[in-house]
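Each chain is listed here by its residues.
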Amino acid sequence: MARKLMKRSVKKKSFFKILLGDFSKHLRIPPAFIKNFNGGSLGKCSLRGPSGKGRAVELEERENGLFFSKGWQGFVKDHHLEVGNFLVFRYDGESKFKVTIYDRSACEKDVEVAERGIGSSDSIESKGNQVRVKEEIIDLETENYNEDYENKTSIANRRNCNAMSGKKPTTDYVEETTSESISFKSDHRCFMETMKRHYRYCMMIPKKLAIAEGLNSARNVTLRDPNGRLWLVKLVIRPKSSCKRVEFTTGWGECCQANQISVGDTMVFEFVKQSAIKLHIFGEVNGKRCPVVLDAPNGEN
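Keep in mind that this is a model prediction, so the values were computed, not measured.

## Observations concerning the overall build of the protein chain
Here is step 1: Helices and strands together make up the secondary structure of the protein chain, namely 5 helices and 19 strands.
Here is step 2: Counting the 301 residues in the protein chain, one finds 41% classified as buried.
Here is step 3: Partitioning the contacts of the protein chain with sequence separation of at least 6, the portion at a separation of at least 24 is 62%.
Here is step 4: As displayed, the protein chain has an accessible area near 17,400 Å², and 46% of this comes from carbon and sulfur atoms.

Quick look at the structure:
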């Protein structure tokens, strides 16, 4: 009797992505995964998620990598994707990806529930070119917060330095001199840093402030940048270091890039709520560091 030949199954390759920042327009494919395309250029692929809807998505090659581009927005909308969602992309070896989606509970996302808006505290809304978290990551968008923040925080002498909003200051906007310092006042705990090259990848939080804010046992924090965008940033505790450091890691680099933070810029981190930080950025003026005087509590007070 002739033996029936069994077709050998090919193990499908996969990669994962955690959605952070403004992910709605495009999503970068990990550079190390591109080798699985066997040297070919797909140009276009199909994404199929738990909704069952297949989306044709174009792949766009840029200087900093290969991205899901045109058509990706439709996939985001179909599956109500939100900041903090964890996506696993399984590639069939040709031009199709099967996508599994997990929410921040670490369970597979129920797209039908999300579509009805039941049981989801992470709903998002598109506003211009931004995707903003409305609720769960911290209610920074509430009227109470905005009113309280305006009462508690004042920044003087804005003419001499520009608090960046994703754009570099221009000489048309600011004066040439930076002799007058800016007084940054707040009732919240704060710390200030000048951007250095190695801070693009991680940023250390002062030990006493981290303890005062309870971050020595936290896994992540939420940063709100000058544009109002929210960034979920992972915290890493370095217990073997001499001072048991707490650092911003995953998510911090994307925040820096999106806000064009450069070496020499001044950053103020304001702890407005539990595990929620307001980021203020003061760009250099004519190549000189913006003088900021911090008048706020720190971890020692």
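Structure shown, so let's carry the discussion forward.
## A look at the sheet that holds strand β7 (residues 96–102)
Here is step 1: Spatially, 7 strands are ordered β1-β6-β7-β3-β4-β5-β2 in an open sheet, and the strand pairing comes out mixed. The open sheet has two free edges, formed respectively by β1 (13–18) and β2 (27–29), since each of these has just one partner strand. Averaged over all adjacent pairs, the angle separating strand axes in this sheet is 35 degrees, with direction ignored.
Here is step 2: Note: β2 against strand β5 (residues 65–68), 3 bridges, orientation antiparallel. Residue pairing for β5: I29 is matched across the bridge by L66.

## Description of the layout of surface pockets
Here is step 1: Counted as a void, the largest pocket has a volume near 910 Å³.
Here is step 2: Together, 25 residues line the largest pocket, and L20, R28, F67, E254 and Q257 are the ones closest to its centre.
Here is step 3: The set of elements that each furnish at least two residues to the lining of the largest pocket consists of β1, β2 and α5 (252–258).
Here is step 4: For the lining of the largest pocket, a count of residues per class yields 11 nonpolar, 7 polar and 7 charged.

## A look at the sheet that holds strand β13 (residues 203–205)
Here is step 1: Within the open sheet, the 7 strands sit side by side as β12-β17-β18-β14-β15-β16-β13. Their pairing is mixed. Looking at which strands have only one partner, the edges of the open sheet turn out to be β12 (190–194) and β13. On average, adjacent strands in this sheet sit at an angle of 35 degrees to one another, irrespective of strand direction.
Here is step 2: Bridge count between strand β15 (residues 230–238) and strand β16 (residues 245–248): 4 bridges; the pairing is antiparallel.

## Observations regarding the environment of R245
Here is step 1: Structurally, the position occupied by R245 is in strand β16.
Here is step 2: Residue classification places R245 among the partly exposed residues on the basis of a relative accessible area of 30%.
Here is step 3: Ignoring anything within four residues of it in the chain, the contact list for R245 reads M204, V236, I237 and R238.
Here is step 4: Of note is the side chain of R245, whose polar atom sits 3.1 Å from the side chain of E247.

## Points about the confidence of the model for the protein chain
Here is step 1: Across the protein chain, pLDDT averages 75, with 70% of residues at or above 70.
Here is step 2: Taken as a whole, residues 118–179 scores under 50 in pLDDT and shows 139 contacts with residues more than four places along the chain or in a different chain.

## Considering unusual backbone geometry
Here is step 1: Unlike most non-glycine residues, Q260 shows phi in positive territory, near 55 degrees.
Here is step 2: By relative accessible area, which is 37% here, Q260 ends up partly exposed.
Here is step 3: With a phi close to 60 degrees, S275 is a non-glycine residue in the positive phi region.
Here is step 4: You can see S275 is positioned in the loop between β17 (266–273) and β18 (276–282).
Here is step 5: A relative accessible area of 18% places S275 in the buried class.

## Quick word on the pattern of salt bridges
Oppositely charged side chains may form a pair once their charged atoms are brought near each other.
Here is step 1: By the definition in use, this model includes 6 salt bridges.
Here is step 2: Here K109 and E82 are joined by a salt bridge, their closest N and O atoms 3.5 Å apart. Remark: E82 occurs in the loop between α1 (72–78) and β6 (86–91) and K109 occurs in the loop between β7 and α2 (111–116); sequence separation between them is 27 residues. Taken individually, K109 and E82 each receive the classification buried, so the pair is uniform in this respect.
Here is step 3: A salt bridge links E247 to R245; its shortest N-O distance comes to 3.1 Å.

Each value, and the rule that gives it
- Residues numbered from 1 in each chain as written.
- Predicted model: local features only at pLDDT ≥ 70, side-chain atom pairs only at ≥ 80, totals over all residues.
- Heavy atoms only, no water.
- Helix = DSSP H or I, 4+ residues; strand = E, 2+ residues; numbered from the N terminus.
- Buried < 20%, exposed > 50% of the residue type's maximum accessible area, 1.4 Å probe, protein only.
- Contact = heavy atoms within 4.5 Å.
- Areas by Shrake-Rupley, 256 points an atom, 1.4 Å probe, with all protein chains shown as cover.
- Pairing = 2+ DSSP bridges.
- Axes fitted to C-alpha atoms, helices over the stretch in contact; angles between N-to-C directions.
- 1 Å grid on protein atoms, 1.4 Å probe; cavity = no way out; pocket = protein on both sides within 12 Å on 5 of 7 lines; lining within 4 Å.
- Points joined across faces, edges and corners; volume = space filled by probe spheres on them.
- Nonpolar A, V, L, I, M, F, W, Y, C, P; charged D, E, K, R; others polar.
- Polar contact = N/O pair within 3.5 Å; in protein donor to acceptor, adjacent residues only side chain to side chain.
- pLDDT = per-residue confidence, 0-100.
- Salt bridge = Lys/Arg side-chain N within 4 Å of Asp/Glu carboxyl O.

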